[in-house]
Amino acid sequence: MNLMRQFKHTSYRWRSWIQLSERGPHVLYRMMRSIAELPNRTSKAAARAYGSNQLMSRTTALCVLLALSAGCAEPPTLSSQYFAFDNPEKLSRWSVIQVRDQALTLAGDAKVYQLASPLFSDYAGKLRTLSLPKGAQVSLDADTERFVYPIGTIMTKTFYYRRASGSQRSEFRLVKANQGSELGLNDFSLAEVTLLETRVLVKRAGGWTALPYVWDADQQDATLSPAGALIRASLQSEGESEGEGPSEEAQAFAYLVPNQNQCAGCHVLDQATKAILPIGPHPRHLATGVEAGDQLAAWAAFGALSDGVLQEAVGLGANVDWRDAKRPLYLRARSYLDINCGHCHSPTGPADTSGMFLTATSQDPIRWGVCKAPIAAGQGTGGAQFGIVPGNPDASILSYRLGSVDPGAMMPELGRSLVHSEGLALIRSWITEMSGQCNAAQQPVVHSDDHNPRLLDQNPAFTLASGLD
Amino acid sequence: MITSRNSVFGLVILLSLAGCADQEVPAVLDESVSAVEVDFETQLQLQLLEAKPGDVIDIPAGTYALYRGLSLSVDGVTIRGAGMDKTILSFKEQVSGAEGLLVTANDFTIEDLAIEDAKGDALKINESKNVIIRRVRTEWTNGPDTANGAYGIYPVQTENTLIDEVVAIGASDAGIYVGQSKNVVVRNSRAEYNVAGIEIENTFDADVFDNVAINNTGGILVFNMPNLSQEGARTRIFRNLVHNNNTDNFAAPGGAVAGVPAGSGIVINSNDEVEIFENDLAANDTAHIIISSVFSTNYSSRETASAFDPYPETLYIHDNRYEGGGTSPDTLELKALKLAMFGLTGSFPNVIWDGFLNPEKAVDGKLPPALNFCIAGEPGTQLLNVDGPAGYANPELEQSQYQCRHEPLPPVQLSI
């Protein structure tokens, strides 16, 4: 009983477990007693004295002890909890990611993964997890080149920022995440990090469901928020003055937690089926390079991929990390466009209305927008005539829309309310290096750096109106 | 099979977790403040998310300010207001979303409300079947402005769409814009102070009738754009009132409509089988009817998909009534042409054409009968070919070669 008392003193949770167990079935009560007596029964001699039945009980009890000592006195090793029908009100019920003892804790079966090139989301840091049903594996659809996940798969993506030092969570004074350096799990000091939302993607018998959870003000849990949320915040760069009050450099912005339809707006990759699919965790995004330790190999190592699927997936090719300046510019640009735009701008996606396809496998330059007239861009043209004018990012609609924060003109339409300066710079460089020219009768309209179109006095597009030049 | 030992083990773990959670729950309940604002916008969006087929979502009279774009993806839903001047969804303060309302669902009806001042498109309906939009007003309340959203009522890639008794005002592209669709009726509606009043683009089988298009840059447009999944054909434009479409073009340059001259009544660009009849066209200062090819735009680049047919063919213009118009064309160049050909007080004829025709199909430099532009039942109508292919060297005023008739197009049958 010494051990028992010790636990009682050190852990409130342990006591609750006792109380609960005592109310439980008789067998549990007996096991409780076994555990309580364990210190006297761990010798080999004592073990030998046990019959097979008792041995089984002891094994069970040891497991329980292990689970509890890991689980309550310290953060427990949890397992992700799959809900086949219910959409739990609280994120913690999935057990994938939760706050325990002021620390962000993952289920033991939740694997953190990263993408070669992540989607830009207003400089938020992201923590991505994958939980597969025990023993289940991921297969590959050779036609779509996407992974097919087993029913019961749970993916989460948690969006966070480091707080400006000295600021309260309620102020939402946030600091840009360093590009490419996402926090390790041990770095999540909830006193310094603001968790905004966790998006859950769960694969059920009827397909994937997307569930947005918004973190509560006390950051102990997150609440299901099908209608999304709008969080008014400010953002500053690392190292900027983080003193009292908002710094001068801080940019005000509205952080958008997408509603469930908006989840589908990006995650429906095929308008014909309207089925929701994961965007990132597919071979070409996960294969993060041979040198740096391949993500796919890691997945194979923990049993998610068979050797055959691993070989096949690796053979599909890999997107480069767009931040990796050692890689060719066009590959970085295409990789950036693929993850940020390709989910809509594909032959099956919602933006096929534009005739622009920005997936990594799209090979026809006109589908990237090269010398292509806009269809329904409206004020999103910024005054430019073509998606891309080789050599001239200032005359290209693509760079204009990436640089806009006007909801009526910006691209992507959702998921950011700030300009991704580094991504924009990449695309501008790519366009600058592009050779060739568009067969326009007149000089393309130039949009200026502050993203306001500089309108020509006369409309350039219609030669009928100016054909007598 | 789970052994009894394992089930016991599982139960213990489960209970132990319940035990752990047990003492945490009160703390959460005490301190938790939901980050979600429960306001009109959230309520309405929740209704849209939780709707079931057959549901009617009623929005009572009132003016509601929204910050985020709304969206619906459930089939069979009706959204109903208390009237287009009573239930007003105002997006003046919108901070996110490229539309006021985005619908990606079939069997959708929206009626009796207004969507004002959306930052992007007001009402976009993407890839839906069986859509009814009636007595809906989309408006940018500050009047024509390049910064206004592009489209008011914007079904794209739809099948079976009825637009009835709507009002569209102030769009910086098109007030009513039907794109890449099949089977469309636009009727009894009013479009004013848009760049394009009503635009049918890359669409098969559209009937546009009994509408009023007034004070736009161009009244009614039928376009085909390259590089899309379908090229449209077969549009009937009849019994519309198309007048005073003389508002300066305020579209952002670059888009197709940015090149539409102010003063355009009806514009056919690269589309085929268009029947224009029994309309009243008045005081459209460039011309009542303009026929053009995508070659007349700057989009005639070598990169255009080779399969695209840029030539407008088989147009049938008959029994329209014209009043005034053509007296003060947009742009100095057209003014000069008008002055040179028709004098200071003269005017362009009812129809002008850029003169591009398919050399592979031309017979003796003219359109063969099946592809010809036919003008009938309006003896006063002349057609000015501005001779675009030859650099506008020899504009010609013609009449006799277009005196012909085509078979009338059949009415559009909506299966709604």
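Please read these numbers as outputs of a predicted model, since none were measured by experiment.

A. Local environment of the overall build of chain B. Looking only at helices and strands, chain B has three helices and 31 strands in total. Within the span of chain B, comprising 416 residues, buried residues form 62% of the whole. Considering only intrachain contacts with a sequence separation of at least 6, the fraction spanning at least 24 residues in chain B is 64%. For chain B, the exposed area adds up to about 14700 Å²; of that, 52% sits on carbon and sulfur atoms.

B. Structural view of the domain arrangement of chain A. All names here are of chain A. For chain A, the domain assignment lists domain 1 (2–72), domain 2 (91–301) and domain 3 (324–433). The straight-line distance from the C-alpha centre of domain 2 to that of domain 3 is 24 Å. On the side of domain 3, 22 residues touch domain 2, which itself brings 27 residues to the contact. Counting each side, the surface lost to burial between domain 2 and domain 3 is near 2000 Å², with a carbon and sulfur contribution of 58%. Its largest share of buried area at the contact with domain 3, domain 2 owes to Leu119, Phe120 and Tyr123, together 25% of the area lost on that side. Inspection of the region where domain 2 meets domain 3 yields zero salt bridges. In this assembly, domain 2 and domain 3 are joined by nine residue pairs in polar contact (both at pLDDT 80 or more). Only strand 13 (251–257), helix 6 (260–267), strand 14 (268–270) and helix 7 (283–286) provide two or more residues apiece to the side of domain 2 that touches domain 3. Considering every element that reaches the side of domain 2 that touches domain 3, the biggest residue donor is strand 13, with five residues. Class assignment for the residues of the side of domain 2 that touches domain 3 results in 14 nonpolar, nine polar and four charged.

C. Broad picture of the packing of aromatic side chains. Within the structure shown, the criterion is met by 21 aromatic pairs over all chains. Between Phe40 of chain B and Tyr64 of chain B, the ring centres sit 3.9 Å apart and the planes meet at 10°, which makes this aromatic pair stacked. Of this pair, Phe40 of chain B sits in helix 2 (residues 40–50) while Tyr64 of chain B sits in strand 2 (residues 62–65), placing them 24 residues apart in sequence. Of the residues examined, Tyr64 of chain B reaches a relative accessible area of 15% and is grouped as buried. Ring centres of Phe209 of chain B and Phe238 of chain B lie 4.7 Å apart, and the angle between their planes is 10°; this geometry places the pair in the stacked category. A residue pair is termed long-range when its members are at least 10 positions apart, and Phe209 of chain B in strand 17 (residues 204–209) and Phe238 of chain B in strand 20 (residues 233–238) qualify at 29 residues. Counting every residue linked through ring pairs, the aromatic cluster contains Tyr113, Phe147, Tyr149, Trp208, Trp299 and Phe302 of chain A. Of note, Lys111 of chain A hangs over the ring of Phe302 of chain A, and the distance from its end group to the ring centre comes to 5.0 Å. Directly above the ring of Tyr123 of chain A sits Lys176 of chain A, whose terminal nitrogen or CZ lies 4.3 Å from the centroid.

D. Summary view of unusual backbone geometry. Residues and elements named next belong to chain A. Residue Met411 is joined to Pro412 through a cis peptide bond whose omega torsion reads -10°. In this fold, Pro412 is placed in the loop between helix 12 (397–402) and helix 13 (421–433). Residues other than glycine seldom take positive phi values, yet Asp122 does so here, at roughly 55°. Take Asp122: it is sitting in the loop between strand 3 (110–113) and strand 4 (125–131). One non-glycine residue, Tyr123, lies in the positive phi region at around 60°. With respect to the helices and strands, Tyr123 occurs in the loop between strand 3 and strand 4. A residue is classified by how much of its surface remains accessible, and Tyr123, at 5% relative accessible area, is buried.

Conventions we followed
Residues numbered from 1 in each chain as written. Chains lettered and ligands numbered in written order. Predicted model: local features only at pLDDT ≥ 70, side-chain atom pairs only at ≥ 80, totals over all residues. Heavy atoms only, no water. Helix = DSSP H or I, 4+ residues; strand = E, 2+ residues; numbered from the N terminus. Buried < 20%, exposed > 50% of the residue type's maximum accessible area, 1.4 Å probe, protein only. Contact = heavy atoms within 4.5 Å. Areas by Shrake-Rupley, 256 points an atom, 1.4 Å probe, with all protein chains shown as cover. Domains from an automatic or database assignment. Buried area = accessible area lost by both parts, 1.4 Å probe. Salt bridge = Lys/Arg side-chain N within 4 Å of Asp/Glu carboxyl O. Polar contact = N/O pair within 3.5 Å; in protein donor to acceptor, adjacent residues only side chain to side chain. Nonpolar A, V, L, I, M, F, W, Y, C, P; charged D, E, K, R; others polar. Phe/Tyr/Trp six-rings, centres within 6.5 Å; stacked < 30°, edge-to-face > 60°. Lys NZ or Arg CZ within 6 Å of the ring centre and 35° of its normal.

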